[in-house]
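In case you want the letters, here they are:
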Amino acid sequence: MAKLHRDLEGELMFQMQAVSLLMPVHKYRFMRPERQFEFDFAWPHILLALECEGGSWIGGAHGRGAHFESDCIKYNEAALRGWR
């Protein structure tokens, strides 16, 4: 399933380039004291992040309990820091 995720990110990057969107930082990392997080794409100067979740019915990691919970922690931490 990791290959599918990378293909999704590559396709999204291609589409952003095709419409001349301001290009994001790919695999942007932010930290809190005890943990490091990573966004698939980010525009840090405006605190905007974009995640490629994939499909919820294909058996990917993002739909499984532990990974889903980890994503929720990351999204909550990002929101507390002002990210959208």
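Residues numbered from 1 in each chain as written. Predicted model: local features only at pLDDT ≥ 70, side-chain atom pairs only at ≥ 80, totals over all residues. Heavy atoms only, no water.

**Some words on the side chain of Glu 9**
Convention followed: By definition, any uninterrupted DSSP run of H or I lasting at least four residues is a helix, any uninterrupted run of E lasting at least two residues is a strand, and each is numbered from the N terminus. Polar contact is the term for a pair of N or O atoms within 3.5 Å; when the atoms are in protein, one must be able to donate a hydrogen and the other to accept it, and sequence-neighboring residues count only if both atoms are side-chain atoms. Two residues form a contact once any of their heavy atoms are found within 4.5 Å.
Within the secondary structure, Glu 9 sits in helix 1 (residues 2-18). Reaching out from Glu 9, the side chain makes a polar contact with the side chain of His 26 at a distance of 2.8 Å. Apart from residues no more than four positions distant in its own chain, Glu 9 is found in contact with His 26, Lys 27, Asp 40, Phe 41 and Cys 52.

**Regarding the pattern of salt bridges**
To keep things clear, this is the line we draw: By definition here, a salt bridge exists when the distance from a side-chain nitrogen of Lys or Arg to a carboxyl oxygen of Asp or Glu is within 4 Å. Only protein chains enter the calculation, and the probe is 1.4 Å; a residue is then buried if its accessible area is under 20% of its type maximum, exposed if over 50%, and partly exposed in between.
The tally for this structure, following the rule as stated, stands at six salt bridges. For Glu 38, the salt bridge is made with Lys 27, and the minimal N-O distance between the two is 3.9 Å. With a gap of eleven residues between them, Glu 38 in strand 2 (residues 35-43) and Lys 27 in strand 1 (residues 25-32) connect regions that are remote in the sequence. We classify Glu 38 as partly exposed; its relative accessible area is 27%. What makes Lys 27 partly exposed here is its relative accessible area of 31%. The shortest N-O distance in the salt bridge between Lys 27 and Asp 40 comes to 3.4 Å. Placement of the pair is Lys 27 in strand 1 and Asp 40 in strand 2, with a sequence separation of 13 residues. In the salt-bridge network here, residues are joined through shared partners; they are Glu 9, Lys 27, Arg 29, Glu 38 and Asp 40.

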